[in-house]
Amino acid sequence: MNTAVAGKLLKIGEVAGSTGLPVKTIRYYDDLGLLSTVAIRSDSGYRLFNLQVLKRLDFIKRSQSLGMSLKEIQLFLEIHDRGKLPCSEVKQHLEAKIEAIANQIQSLETLRSELQELLSSWQEQPSADCLDEIICPNIQSELDETS
């Protein structure tokens, strides 16, 4: 390998040190193809990365912190690698995340109400008459004779 070119390439340990990511994670991202445009293999099989890997890993980390999956991130990177900005695609995914979060919040509020209602009628010492039929009468009802 040309030493002039090698001077501009980073070893995986250097990339890990610069980004704070574990070497294992960087290998995983490379194996998934997320770093394919910024990585090469040396004659001895070592991964070497150009400086663009730092921007790419920063994008991956930020996208993950916003709830994006690696599959979504791969789509964004593929758009970028075709010479286009993936901003409109990213926006669509972020809007979908907001919708999903709103649905989760609604589900959690419903669950909270159900739990509050359950606790409002909680019996500290329920009757042990039904010990053979149910485990906790506060959260279970007696089973039908037909079930």
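Located above this text is the structure these notes cover.
Residues numbered from 1 in each chain as written. Predicted model: local features only at pLDDT ≥ 70, side-chain atom pairs only at ≥ 80, totals over all residues. Heavy atoms only, no water.

**Remarks on the nonpolar core**
- Grouped together as the largest cluster of nonpolar side chains are 21 residues, with contacts concentrated most on Ile 26, Tyr 29, Leu 35, Phe 49, Val 53, Leu 57 and Ile 60.
- Elements represented by at least two residues in this core include exactly α2 (12-19), α3 (23-32), α4 (52-65) and α5 (70-81).
- At four residues, α5 tops the list of elements feeding residues into this core.
- Contacts of Ile 60, omitting those with residues within four sequence positions, involve Tyr 29, Leu 34, Leu 35, Leu 70, Ile 73 and Leu 77. (Core = buried A, V, L, I, M, F, W, Y, C linked by side-chain atoms within 4.5 Å. Buried < 20%, exposed > 50% of the residue type's maximum accessible area, 1.4 Å probe, protein only. Helix = DSSP H or I, 4+ residues; strand = E, 2+ residues; numbered from the N terminus. Contact = heavy atoms within 4.5 Å.)

**Comments concerning α4**
- Along its 14 residues, α4 runs 20 Å from first to last C-alpha, staying within 8% of the 20 Å computed at 1.5 Å per residue.
- Where α4 is concerned, the buried positions are Val 53, Arg 56, Leu 57, Ile 60 and Ser 63. Projected onto a plane normal to the axis of α4, the buried residues spread over an arc of 125° and lie on a single side. Away from its buried face, by an angle of more than 90 degrees, α4 presents the exposed residues Lys 55, Arg 62 and Ser 65.
- Gly 67, located one to two residues past α4, shows a positive phi value of around 95°. (Expected span 1.5 Å × (residues − 1). Arc of directions from axis to C-beta.)

**A word on the pattern of salt bridges**
- All chains considered together, the criterion is met by four salt bridges.
- A salt bridge links Asp 30 to Arg 47, with the nearest nitrogen and oxygen atoms 2.7 Å apart. Taken together, the positions of Asp 30 in helix α3 and Arg 47 in strand β3 (residues 47-49) put the pair 17 residues apart, joining distant regions of the chain.
- Among the residues examined, Asp 30 registers a relative accessible area of 14% and is labelled buried.
- A salt bridge links Lys 97 to Glu 72, with the nearest nitrogen and oxygen atoms 3.3 Å apart. In this pair, Lys 97 is assigned in helix α6 (residues 87-120) and Glu 72 in helix α5, connecting sequence segments 25 residues apart.
- The partly exposed category is assigned to Lys 97, whose relative accessible area is 23%.
- Overall, the relative accessible area of 15% leaves Glu 72 in the buried class.
- What emerges from the salt-bridge pattern is a single network uniting Asp 30, Asp 31 and Arg 47. (Salt bridge = Lys/Arg side-chain N within 4 Å of Asp/Glu carboxyl O.)

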